[in-house]
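Chain residues, written in single-letter form:
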Amino acid sequence: MESLYLTRVMSCKLSVNISVKACNFRPIRQLGFIHQSHLLRKLTVVRSDITRNGNEFDDFADGLHFNSDSLDEDEEKVKEEEENRGVLLGIDRDESGSVIALHLIPPSGEVAIDSDQDEAAEPEDKDEVIEEEKIQTRVTYNIVFVTAEAAPYSKTGGLGDVCGSLPVVLAGRGHRVMVVSPRYLNGTSTDKKFAGAFDLDRRIKVHCFEGEQEVAFFHEYKNGVDWVFVDHPSYHRPGNPYGDGHGAFGDNQFRFTLLCHAACEAPLVLPLGGYTYGGKCLFLVNDWHAGLVPVLLASKYRPYGTYKDARSILVIHNLGHQGVEPAVTYKNLGLPPEWYGALEWVFPTWARTHALDPGEAVNILKGAIVTADRILTVSKGYAWEITTVEGGYGLNELLSSRRIVLNGIVNGIDVSEWDPSSDDHIVSHYSADDLSGKAQCKTALQKELGLPIRPECPLIGFIGRLDYQKGIDLIRWGIPELMGDDVQFVMLGSGDPLYEDWMRAAETTYRDKFRGWVGFNVPISHRITAGCDILLMPSRYEPCGLNQLYAMRYGTVPVVHATGGLRDTVENFSPYAGDGNGEGTGWTFSPLAKESMLQALRTAIMTYRDHKSTWEALMRRGMLRDFTWETAAIQYEQVFEWACIDPPYIP
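Residues numbered from 1 in each chain as written. Predicted model: local features only at pLDDT ≥ 70, side-chain atom pairs only at ≥ 80, totals over all residues. Heavy atoms only, no water.

Draft legend 1. Inspection of helix H16 (residues 594-610) at higher detail. Here H16 contains 17 residues, and its C-alpha end-to-end distance of 24 Å stays within 8% of the 24 Å for a straight helix at 1.5 Å per residue. Residues Ser596, Met597, Leu598, Ala600, Leu601, Ala604, Ile605, Thr607 and Tyr608 constitute the buried set of H16. (Helix = DSSP H or I, 4+ residues; strand = E, 2+ residues; numbered from the N terminus. Expected span 1.5 Å × (residues − 1). Buried < 20%, exposed > 50% of the residue type's maximum accessible area, 1.4 Å probe, protein only.)

In structure tokens:
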């Protein structure tokens, strides 16, 4: 193959009409491309289509022949004419010497052809070698979160935090994100949170509960996310999203069935930003409240060609809540009769109300597990626990059968809200580089709570619901022994009246050592997190847990039961690891017993008192851990990719 120098570039298709005058050639062996950053990074080899008409192309080929004796002379001229270098044109010949193809040849250097001016560019540095830049393409998705709560609009716990933070981060990473949640109005000041949402003037009829139910949609575009709120009178009542002071609402199955049907229609009928999300969506359905979405996709949409390219990912935040109702209510869900088996649930004999009770029920979360394309939990540890008899709540065998699509991703935290270097709720700011402000936060907390101001006394804290899951009974049994040590203890939370009354009584009994704040207060929770030395979390099970993440972020050392997300996120302290410098961010204890809890607490207390440098290293390691939502979002994107590679799951 020979190479000719192309000193004039002409954009055209080679044909019989090409004239020798159209392009000027001279031979050359050294090939080089010139680079300009705003032009093409790489010029690919192109074989031109050549057509023949009579002998005109032969005339063109004859014009390309050159005398080999003049080759060396021409090469010397090339060096003298570097400024006029152009693009190289390669000639392919057959065995007879006839020209069979012309093509541009990628050289050893750099070349760019300005597509606007069709002329060769001159290199700024002839000796510079610029490597080909790899361009990474990020796949983006239309993502629809379906959830019973999403902060700041509605929140009772971790579910609201996840569905209020993760969508914003995913939107920031280029995805189109919608969050579908009820529009709760309870006649209080919290209704103002929905003030920015406007009626889309789009009504749909939902066929469920043996009739047509009309729902409306409200919309607010905020932080790059489409927040869509399903409006219906059943969401307008005092209380929280699930109940009031008298217990859970009796029509929750109806309320969340409406949510699921509306969420399936929203991407198809709501022209947000001028166009709909369409049928190619990723539905992230959260807990049983949204559990009918994957069932509806499989039973009512895909069989008729709708959502055939959509995928559903079930996110289990707490397996203990499954949406179980009597079997007779199946007809209310708006599902085809033949899909009853997906939701069918039979209670074990010991759990039935009487001897003649058949134990038949429908389980919405079970239906979601059966029909979802992938399943996520909020920590790797919890993903394993729910496949065991102890943690599976009767669904362990079903979850084990789908283990191949079951993953766990630890929740992130809002590092802008929970940042000790800028937190408006604490009296003094501090960081891993300067911990002096934490001592001031501790003093201020002791003063606010009416405890003796003693910087040297370990201050232990607890923040959470007062119920059996959180291990409050262990704290209650262990407090008399713990108060025998020189420590202070503060608790913040509400829940079981039994434990609320116990907290008040303990405060009276241990006046200088114990404080119990019944209720929940966001500023106080920040000040307790910043002011305490140790945070205690003896949860029986904890799918993820957020308070231990907040604690480490604030240099408060966690002591936790080794379960679920607590075990995943708190690295047990080892003083002799890391070349003798120690490793770990806190203490985990197991089994779940008062003795194990007290032993772990006493070890932490001893380290705090007798090994100050080790304690500060513990604090810093915890503060430097990465628990951002950005890290979690990257892992979610990997699951999105897996979900889209596989075809829709058909049970």
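Read on for the rest.
Draft legend 2. How the structure looks around the pattern of salt bridges. Taken as a whole, this structure holds 22 salt bridges when the rule is applied. We note a salt bridge from Arg173 to Glu630, for which the minimum N-O separation is 2.5 Å. A residue pair is termed long-range when its members are at least 10 positions apart, and Arg173 in the loop between helix H3 (158-172) and strand S8 (176-182) and Glu630 in helix H18 (residues 629-645) qualify at 457 residues. The class of Glu630 is partly exposed, set by a relative accessible area of 36%. As a salt-bridge pair, Arg173 and Glu637 come within 2.8 Å of each other at their nearest N and O atoms. On the criterion of sequence distance, the pair formed by Arg173 in the loop between H3 and S8 and Glu637 in helix H18 is long-range, its members being 464 residues apart. One exposure class covers both Arg173 and Glu637, and it is buried. (Salt bridge = Lys/Arg side-chain N within 4 Å of Asp/Glu carboxyl O.)

Draft legend 3. Looking closely at the sheet that holds strand S22 (residues 488-493). Read across the sheet, six strands follow the order S23-S22-S21-S24-S25-S26 without closing on themselves; strand pairing throughout is parallel. Because the sheet does not close on itself, it has two edges, and the strands there are strand S23 (514-518) and strand S26 (587-589). Mean inter-strand twist for the sheet, computed between neighbouring axes without regard to direction, equals 20°. The pairing of strand S21 (residues 459-463) with S22 spans five bridges and is parallel. Note on S22: the bridge partner recorded for Gly461 is Val490. Of the strands in this sheet, strand S24 (534-537), strand S25 (557-561) and S26 are in contact with helix H17 (residues 612-623), which crosses S25 at around 75°. (Pairing = 2+ DSSP bridges. Axes fitted to C-alpha atoms, helices over the stretch in contact; angles between N-to-C directions. Contact = heavy atoms within 4.5 Å.)

Draft legend 4. Examining helix H7 (residues 364-371) more closely. Across the eight residues of H7, eight count as buried, placing the element largely inside the fold. Listed in full, the buried residues belonging to H7 are Ile364, Leu365, Lys366, Gly367, Ala368, Ile369, Val370 and Thr371. Where H7 begins, the side chain of Asn363 points an oxygen toward the backbone nitrogen of Leu365, at a separation of 3.1 Å. (Polar contact = N/O pair within 3.5 Å; in protein donor to acceptor, adjacent residues only side chain to side chain.)

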